Amino acid sequence: MKKLQMFLRMVGKAFKERKSRVAIAFFAIVVGVGIIASLFSVYYDISIKMSEELRVYGANLVLAPDLQAANKEMNIEQLDKIVNKFDKDKLVGYRPNLYGVAKAKAKGILDVKKPVVLVGTWFDQVDQVNPYWKVEGELLANKSVDDEVVIGKEAAKKLGYDVGDTITISVEETGKEEKLIISGIITTGNEADSQIFVNLSLAQELLGKPDKINIAYFSVLGQNLSSKVKKINKTVNGIELETIKKIASSEGKVLNKIKSLMYLVVMIILLSTLLCVSTTMMTIVTERKEEIGLKKALGAENSNIITEFLTEAAILGGIGGLVGYGLGFLGAQAIGQSVFDSYISFRIMIVPASFILAVLVSCIASIIPVRMVVDIDPAVVLKGE
Amino acid sequence: MGLITLENVSKIYGEDVKALDNISLDIKEGEWVSIMGPSGSGKSTMLNLIGCMDTPSKGVVKIDGIDISELDKKELTKVRREKIGLVFQQFHLVPYLTAVENVMVAQYYHSMAEEEEARKALERVGLGHRGNHLPKELSGGEQQRVCIARALINYPKLILADEPTGNLDKENENIVLDLFNELHDQGHTIMMVTHDPKVGQLAERQINLDHGKLKDTPQISKERGLVS
Amino acid sequence: MFLRIIRRSLTRGLKSKLLAIVAIAFGASLATAMFSVSLDIGDKINNELKSYGSNIVVEPESESLPVKVNGVDFNPITQNKDYIPEKHIPKIKMIFWRHNIVNLAPYLEANAQLSEDQRVAVVGTWFDRKIRIPTGEKFNFGVKHLKSWWEIQGDWIKNGDNKALALVGREVAEASNLKPGDELNLDFNINGQTVNKKVKVKGIIDSGGKEESKVYLPLNLLQEITGLKDKVAKVEVSALTTPVNDLARRAQENPDALSDEEFEKWYCTAYVSSITYQIEEVIPGVVAKEVRQIAQSEGVILNKIKLLMFLVTLAALISSGLGISSIMTTKVLERRQEIGLLKAIGSSNLGVIALFVTEISLLGVLGGVLGYGLGIGFASLIGQQVFGTAISVKLLVMPIILVLSIIVALLGSISPLRIALKLEPAEVLHG
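These numbers come from a predicted model, not from an experiment.

Draft legend 1. Seen up close, the overall build of chain A. What chain A contains, in helices and strands, is twelve helices and twelve strands. Looking at the 385 residues of chain A, the share that counts as buried comes to 49%. Long-range contacts, defined as pairs at least 24 residues apart, comprise 83% of the intrachain contacts of chain A with a sequence gap of at least 6.

Draft legend 2. Quick look at the overall build of chain C. Looking only at helices and strands, chain C has 13 helices and 16 strands in total. A total of 431 residues make up chain C; the buried ones form 46% of that total. The contacts in chain C between residues at least 6 apart in sequence include a share of 78% that link residues at least 24 apart.

Draft legend 3. Quick look at the interface of chain B and chain A. In this assembly, 32 residues from chain B lie in contact with 26 residues from chain A. If you list the elements that add at least two residues to the side of chain B that touches chain A, you get helix 1 (43–50), helix 2 (73–83) and helix 3 (99–110) of chain B. The element contributing the most residues to the side of chain B that touches chain A is helix 3 of chain B, with seven residues. The residue makeup of the side of chain B that touches chain A, split by class, is 15 nonpolar, eight polar and nine charged.

Draft legend 4. Representation of the interface of chain C and chain A within the structure. Facing 62 residues of chain C, the contacting portion of chain A comprises 64 residues. Counting only elements with at least two residues in the side of chain C that touches chain A, the list comes to helix 2 (14–49), strand 2 (68–69), helix 4 (170–176), strand 16 (286–290), helix 9 (292–334) and helix 11 (349–387) of chain C. In terms of residue count, helix 9 of chain C provides more of the side of chain C that touches chain A than any other element does, 26 residues in total.

Draft legend 5. Quick peek at the packing of helix 11 of chain C against helix 12 (residues 397–422) of chain C. All names here are of chain C. As a packed pair, helix 11 and helix 12 sit with axes 8 Å apart at the nearest point and diverge in direction by 145°. Crossing angle aside, the handedness with which helix 11 passes helix 12 is right-handed. Looking at the contact of helix 11 with helix 12 residue by residue, the class counts come to 16 nonpolar, eight polar and no charged.

Draft legend 6. Seen up close, the sheet that holds strand 5 (residues 66–67) of chain B. Residues and elements named next belong to chain B. One open sheet accounts for four strands, arranged 2-1-4-5; its pairing is antiparallel. Strand pairing shows two members of the sheet lacking a second neighbour, strand 2 (17–27) and strand 5, which therefore form its edges. In the sheet, strand 1 (residues 4–13) pairs with strand 4 (residues 58–63) via five bridges, with the strands oriented antiparallel. Looking at strand 4, one finds that L6 is bridged to V61. The strands touched by helix 1 are strand 1, strand 2 and strand 4; relative to strand 1, the strand with the most contacts, the crossing angle is about 125°.

Draft legend 7. Quick look at unusual backbone geometry. Residues and elements named next belong to chain B. The phi dihedral of C52 is positive, around 60°, even though this residue is not glycine. Note on placement: C52 falls in the loop between helix 1 and strand 4. The residue Y155 is not glycine, and still its phi comes out positive at about 50°. Among the secondary structure elements, Y155 is positioned in the loop between helix 5 (140–152) and strand 7 (158–162). Take Y155: there are 10 C-beta atoms within 10 Å of it, and that puts it in the exposed class.

Conventions we followed
Residues numbered from 1 in each chain as written. Chains lettered and ligands numbered in written order. Predicted model: local features only at pLDDT ≥ 70, side-chain atom pairs only at ≥ 80, totals over all residues. Helix = DSSP H or I, 4+ residues; strand = E, 2+ residues; numbered from the N terminus. Buried ≥ 20, exposed ≤ 12 C-beta atoms within 10 Å, placed from the backbone. Contact = placed C-beta atoms within 7 Å. Nonpolar A, V, L, I, M, F, W, Y, C, P; charged D, E, K, R; others polar. Axes fitted to C-alpha atoms, helices over the stretch in contact; angles between N-to-C directions. Left-handed = near helix turned anticlockwise from the far one by under 90°. Pairing = 2+ DSSP bridges.

So, in structure tokens, the structure goes:
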């Protein structure tokens, strides 16, 4: 017991004595472990975060009637059924579409009616399902607005309309006609540019297709979407959910690249932390060469001195690891905030992991310094001739 | 059969640098021996050998009956720990430990760290009241006395001193040499390396080294006393 | 004499300096690797994101609005439609940013009857077409490369010029019960006349998209059937682009509103808007549009990943910098005696500093060069592992790493050098 006390006393005083040097080693470990901890936190979250980010590409699933369905239409209730099969927090958004051909009056020129594609949809879901739409003006405020319309940029240009104008839309088959105010013009770079959009309920009325939709787009988080899709398809009739391979499979590819990149990067940082701690420990050994020589001359065995050093390293590593974890967590949040605009989740696993990692790193880093200890000759304390 | 025996010991560095050349020597228990000689004469090499910090190239070095010639570093450390107390020219106290803790370090590596005993050892060298001071708060002489207390703490067979007064002024030198005298009177075996003839003369026997060889050993000075 | 000391110290003491050089080289190599990867990550991820497909479409300027639902055209006026001459397509590969054009494919659409009541959209395109541009370079363009996510059951059409072959969308295949190798009968209505064509199904397209309800034929074949020789209706282009910034946004609004200097800067940066502008320049009568789903999203993702890599690289630089600077501390500490000696024989503090600074700088250069070489190796390892292609070597990294190694090595030496210089020479020599 007394021996242990003396041991602790020596280690403790050694720390106190070399405050600045210990502080540097400590700093090195804190920085190293901090970086590692933050990268690990980010690494664990990166799939989720990046897949959230990749949702900027919009929908990755599409629901459509299967081939047997008449007119390629389905009921809106069928959509609800599918929606209920997804976890709320995984479903970023979904948007049903009903298509039909209508005629729109061109501005200025009397009685020139041009055929256009009329789309009924839910505008509140556009941000989630089509985040890349560029909107000039505004989208419709809610699902019950029935006197406003959003038109594609091409359509606006070719029909000669601007935001705020009134456009007359008529459907030949049903003979219905509506005067609508243009609340927004969208630019997408795809066929939506030449279509005109109204609320789903209004489109259903104009086209005479109550409760019908043609297609619905889903933006869903998570991997293994295709197996999930297969499972859902087994439970429904007349409709079919499908992954949009263009988005879904590319997402998988990109995610894998980023994950393996991060993995290698974490390894590199781990190496440079090792370098950092190791050279700092070497400095400590060099500085204390005489003291080590003295202790050896007084009868200390290599193992005694090495134990002292490793204990110092482990204590440094342990405390440094915890502080480093704290810093690393903050660092991860900084990365999360600046890169992903969201928090990186707290993982209790990383606390012991970074503690153990730090102790390990500082002990491994001490291998070369410890070998230097072994090489120190006790005779250094004697006056040379 | 003495406490320390050197039989035909040579130490050769590199190809042909003979630091010690076929030396035989015998030091008895309770004897005070001083080793003298100019620089390069082999003093330090001899100190290294007897201090169990090195092994001879040829010949046998026995300390308290143990032949150290064939021992490895670990075994050498053990012999040194058990048999030898070291006193250095530069004192070599651990700067961040107090006087009493510096004494305890030697106890610690030897066996047990007992603060009471360490304090008693300091009292023996007249530093009972300075136990809680750091080395930098002590004078040179006081530091050297802490060093001697540390050397004594494990009851070594031999006290090996390397120029113990080399870094001290006259006054402190006298205090330290008095202490050595006292120790000798109590029956300790002392081996002291010095280049100061006055200090050397205090010993019962002087060994003169020159170019690794023993010069004819001068008479044992019967008259011992303080040189002031 | 100064040089002589340095030379001796470097040649004789090389063994003891080996550790320092190795440490510097190691640190520098990690920094180089991270740096190179970070600089190249934009291009690499950009290439990866190309798997999302084309980000630019080129269409003829036209007055009429397309009225298509599910690929079937409801527009009553089919005459006087505008087209792009096929012979102009290679010009896209000759614009200022030609090297950023990764791939492209032209399309021509027509409607056909599969049976009495089954109408289907038929698309003519390039599958894997070798084209030669006037500079003599050859490229393989077509949907096979552009639509990397298509899964083909059966085979791709290899060089299907004029051969009566077809790729059929999954929905069409299921509806008509078609398998690869079957024959497909298509009735086209060309200007009121029915033209019948039998084609052999080479493969079935599974894409999870609109393609599944279409039939794909070689472009020449459809041109011949429809009598639209040398005409295409649309070209999809996949280009490597730089994420948009404020300048690009303003240019997109109206390129003419930019000052000459701004215009030049915009024109010479691979923004999607400058590429579309350049396409419109080389082919008269077309509109090149960005596909926002791809182009905008690409920019968002690219910026995120670049930022991420930047932060991570910074972290790597800090931690290897700390490593290098502390090894230098060790090395200077070890030489306290030498410093004392130099001072004892009359060197001024400045003299000692000059000696050490020179020596440390040399070490820094040596370690930095070694580390740079090693780091390039590391970087290409990462490139191979992650992206399957080497990371491009940027010469810019070399001087930066060298300067950084020297600075960091010197920084690490400052504090021990100061301590050593403060000591009295005698004290050092004795202790």
